[in-house]
Each structure stands twice: as C-alpha cells, then as structure tokens.
Amino acid sequence: MMCRHCQRVKSNRPRGLCWSCYYTPGVREKFPSTSKFARRGISDFNGRARLPEPTNALPGTEEKVRVLEQRAQLGQALWHALDAKLEAVAPLLEVA
C-alpha cells in the first residue's frame, strides 16, 4: 500500500503513512488512525460527571436526543432531576 499522503513511497508507519510523512509536523493529524483499537467517538468515562442544566425537552423527542448528545460530548451527566418528564404532560392530555 502506498502512503496515503504523498502516494510515492510504500507505507511503513501507522495511519497508512510513510516514514517521512508520519514525522512531518501536521501531516499525521490529517489522517485518522486505521487501528481497530483506536479511540473513536465520544470518550467513555467512569466517575462523577458535572451536573448539566435542566432541559424542557420531553423524553423521546429529537430535541431531547440532541440535548443528550451535547451533554455526552461535554462530559456531563446525561440526566438531571429537573429535566422535563412525561408525567407532567400526561394529566393535560387526559383532559382534552
């Protein structure tokens, strides 16, 4: 396999790069790791997370999913005790 950056030399370093490209400043960061053990996606952490701001987004809505994604990216706890709940909306739906 040829180098993913210069396409001139056989790749002999991680990320499919040749020696020169791998050690050239800035080139390595342009190419993601090809290793199956590489860290991808949102990092998984174990421990106490910062408490996020409560949201009015109802569970199951697209807005709530976006809020959960944002909280995960920021390393915050996914749930807050004051987040909107379906039980608060259910009595209003029964009246109608």
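Within any chain, residue numbers begin from 1 and follow the written order of that chain's sequence. Whole-chain, interface and lining totals are the exception, using all residues; otherwise, since this is a predicted model, local features are given only for residues with pLDDT of at least 70 and side-chain atom pairs are given and counted only at 80 or more. For the side-chain quantities, the full set of heavy atoms in the structure was used; hydrogens and water were omitted.

Chemist: An account of the packing of aromatic side chains is requested, with residue identities and associated values reported.
Modeler: Pairing of aromatic rings covers Phe, Tyr and Trp, the last counted by its six-membered ring, and requires centre-to-centre distances within 6.5 Å; plane angles under 30 degrees mean stacked, over 60 mean edge-to-face, and any other angle means tilted. Using the criterion set out here, one finds two aromatic pairs in the structure. A centroid spacing of 4.9 Å and a plane angle of 85° characterise the contact between Tyr-22 and Tyr-23, whose relative ring orientation is edge-to-face. Members of the aromatic cluster, each reached through a chain of ring pairs, are Trp-19, Tyr-22 and Tyr-23. Only when the NZ of Lys or the CZ of Arg is both within 6 Å of the ring centre and within 35 degrees of the ring normal is a charge said to sit over the ring. Its end group placed over the ring of Tyr-22, Arg-13 keeps NZ or CZ at 5.4 Å from the ring centre. Between the NZ or CZ atom of Arg-28 and the centre of the ring of Tyr-22, over which it lies, the distance is 4.1 Å.

Chemist: Give me helix H2 (residues 62-73): which residues, what numbers.
Modeler: In this model H2 runs 17 Å from its N-terminal to its C-terminal C-alpha over twelve residues, within 8% of the 16 Å that 1.5 Å per residue would give. Burial classification: accessible surface area is computed with a 1.4 Å probe over protein chains only, and a residue below 20% of its type maximum counts as buried, one above 50% as exposed, and the rest as partly exposed. Secondary structure is summarised from DSSP: a helix means a run of H or I of at least four residues, a strand means a run of E of at least two, and numbering begins at the N terminus for each. Those residues of H2 that sit buried are Lys-64, Val-67, Leu-68 and Arg-71. The arc that holds every buried residue of H2, seen down its axis, measures 100°, which confines them to one face. In H2, the exposed residues that point more than 90 degrees away from the buried face are Glu-62 and Gln-73. Expected span of a helix: the number of residues minus one, times 1.5 Å. Within this analysis, the arc is defined by the directions that extend from the helix axis to the C-beta atoms.

Chemist: A description of the side chain of Asp-83 should follow, citing residues and the corresponding values.
Modeler: With respect to the element layout, Asp-83 can be found in the loop between H2 and helix H3 (90-95). Polar contacts, as used here, are pairs of N or O atoms within 3.5 Å; protein pairs need one atom able to donate a hydrogen and one able to accept it. Residues neighboring in sequence count only if both atoms are side-chain atoms. A polar atom in the side chain of Asp-83 sits 3.0 Å from the backbone nitrogen of Thr-55. Throughout, a contact is declared for two residues whenever any of their heavy atoms are within 4.5 Å. Sequence-distant contacts of Asp-83, that is, excluding residues within four places in its chain, are made with Glu-53, Pro-54, Thr-55, Lys-64, Arg-71 and Leu-78.

Chemist: I'd love a proper account of unusual backbone geometry, names of residues and values included.
Modeler: Even without being glycine, Gln-7 reaches a positive phi, approximately 60°. For Gln-7, the location among the structural elements is in the segment before helix H1 (19-22). The phi torsion at Arg-15 lies on the positive side, around 70°, for a residue other than glycine. Within the secondary structure layout, Arg-15 lies in the segment before H1. The class for Arg-15 is partly exposed, based on a relative accessible area of 25%.

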